[in-house]
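Architecture and fold: a report
The lines below spell out each chain.
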Amino acid sequence: MKEIFEQYGGVIVTVIAIVALAALITALMGNGNSGPVYEAFKGLIENFTGNVGLKNP
């Protein structure tokens, strides 16, 4: 086990970091019409169209 971490420790840490980043992005983006990022953009667009006098989509 010690040899594996000595030889591949950097690669293992990199893979774990990439997987964690992908999980974080997936959690933030949600699945289609849900998630905090989607709701923020939806609110932003609705607020903008309301302020310029357009009908909200």
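Now for a description of the structure that goes with this document.

Reading the values: the criteria
Residues numbered from 1 in each chain as written. Predicted model: local features only at pLDDT ≥ 70, side-chain atom pairs only at ≥ 80, totals over all residues. Heavy atoms only, no water. Helix = DSSP H or I, 4+ residues; strand = E, 2+ residues; numbered from the N terminus. Rg over C-alpha atoms; globule rule 2.2 N^0.38 Å. Buried < 20%, exposed > 50% of the residue type's maximum accessible area, 1.4 Å probe, protein only. Patch = residues over 30% accessible without salt bridge, like charges linked within 9 Å, V, L, I, M, F, W, Y side chains within 5 Å. Areas by Shrake-Rupley, 256 points an atom, 1.4 Å probe, with all protein chains shown as cover. Salt bridge = Lys/Arg side-chain N within 4 Å of Asp/Glu carboxyl O.

All right, on to the overall build of the chain then. A tally of regular secondary structure across the chain gives two helices and zero strands. Computed over C-alpha atoms, the radius of gyration of the chain comes to 21 Å, more than 25% over the 10 Å expected from 2.2 N^0.38 for 57 residues, which places it beyond the range of a compact globule. Projected onto the principal axes, the alpha-carbon positions of the chain cover approximately 65 × 15 × 10 Å. The buried share among the 57 residues of the chain stands at 5%.

In this section: the environment of asparagine 51. As for its placement among the helices and strands, asparagine 51 is situated in helix H2 (residues 36–51). Remark: the alpha-carbon pair of asparagine 51 and alanine 17, spanning 34 residues in sequence, is separated by 42 Å.

On the surface, a cluster of nonpolar side chains totalling about 750 Å² of accessible area is made up of Met1, Ile4, Phe5, Tyr8, Val11, Val15 and Val19. Mapped onto the elements, isoleucine 4 comes out in helix H1 (residues 2–29).

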